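# Tertiary structure, described
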Amino acid sequence: MNGNTRARTYRETISHYQELREAVYEFSESEFREFSAKFSEISYKDAVEADAWRWNDINKIPIWEWTRMYHDYHTHSGVKRFDVAIRAQGKLCALCYGVPSRRKLILKLHALSRLPNDNPLGGKILSMVLFAADAYARLIDAQEMWLCNPMNDNLVKLYEGAGFTAHYNNIGLATHLSIRINP
């Protein structure tokens, strides 16, 4: 560290990453203005609502609880988190949580889900979430983005269709998918 720089205080760090997320929300809303989508951080109310979503297909039911993730991501370890809630036509349409790796070279998305029925943004959710995540990854100078622990092979195929490359463990299960972030 040279004489002109100093380490951020904890409060300054919180404020810095909050400002980055807010910039991403504004940028994403402008990109998708034709859908009147609203981007924001995930509130506890959002997490409770998403936990109550009912799925017709058992293979699409998230393997996590949003309320638990809310508590996990809104602690000291979640200061640098990426989170987004997307709303349209008065409905919560999607949520996503992720965190950068320790050196911020990788943005790891750990949970992504959408309103299962009557979603006014149906067919657009993945592109909207990935747009916001990519913007955040670029702001923190990440070099890759990962979609971690995909729930099933259909999602692996969907994510590969979005340009991600699947990585498998020794028993053939996808552990994550990755994509390079081009400067």
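This write-up is about the structure you can find in this document. (Residues numbered from 1 in each chain as written. Predicted model: local features only at pLDDT ≥ 70, side-chain atom pairs only at ≥ 80, totals over all residues. Heavy atoms only, no water.)

## Things to note about the side chain of D83
Topologically, D83 is positioned in strand β2 (residues 82-88). At 2.9 Å, the side chain of D83 forms a polar contact with the backbone nitrogen of I42. In contact with D83, not counting residues within four places along its chain, are R21, Y25, S40, E41, I42, H74, C96 and Y97. (Helix = DSSP H or I, 4+ residues; strand = E, 2+ residues; numbered from the N terminus. Polar contact = N/O pair within 3.5 Å; in protein donor to acceptor, adjacent residues only side chain to side chain. Contact = heavy atoms within 4.5 Å.)

## Let's talk about helix α5 (residues 153-161)
Where α5 begins, the capping side chain belongs to N152, and its oxygen is found 3.0 Å from the backbone nitrogen of N154. Looking one or two places after α5, you find G163, whose phi comes out positive at around 100°.

## Side note on the sheet that holds strand β5 (residues 144-148)
What the seven strands build is an open sheet, ordered β1-β2-β3-β4-β5-β7-β6; its pairing is mixed. Sheet topology places β1 (38-40) and β6 (165-168) at the edges, where each strand pairs with a single neighbour. This sheet shows a mean twist of 25° between the axes of neighbouring strands, independent of strand direction. Bridge count between β2 and strand β3 (residues 91-100): seven bridges; the pairing is antiparallel. (Pairing = 2+ DSSP bridges. Axes fitted to C-alpha atoms, helices over the stretch in contact; angles between N-to-C directions.)

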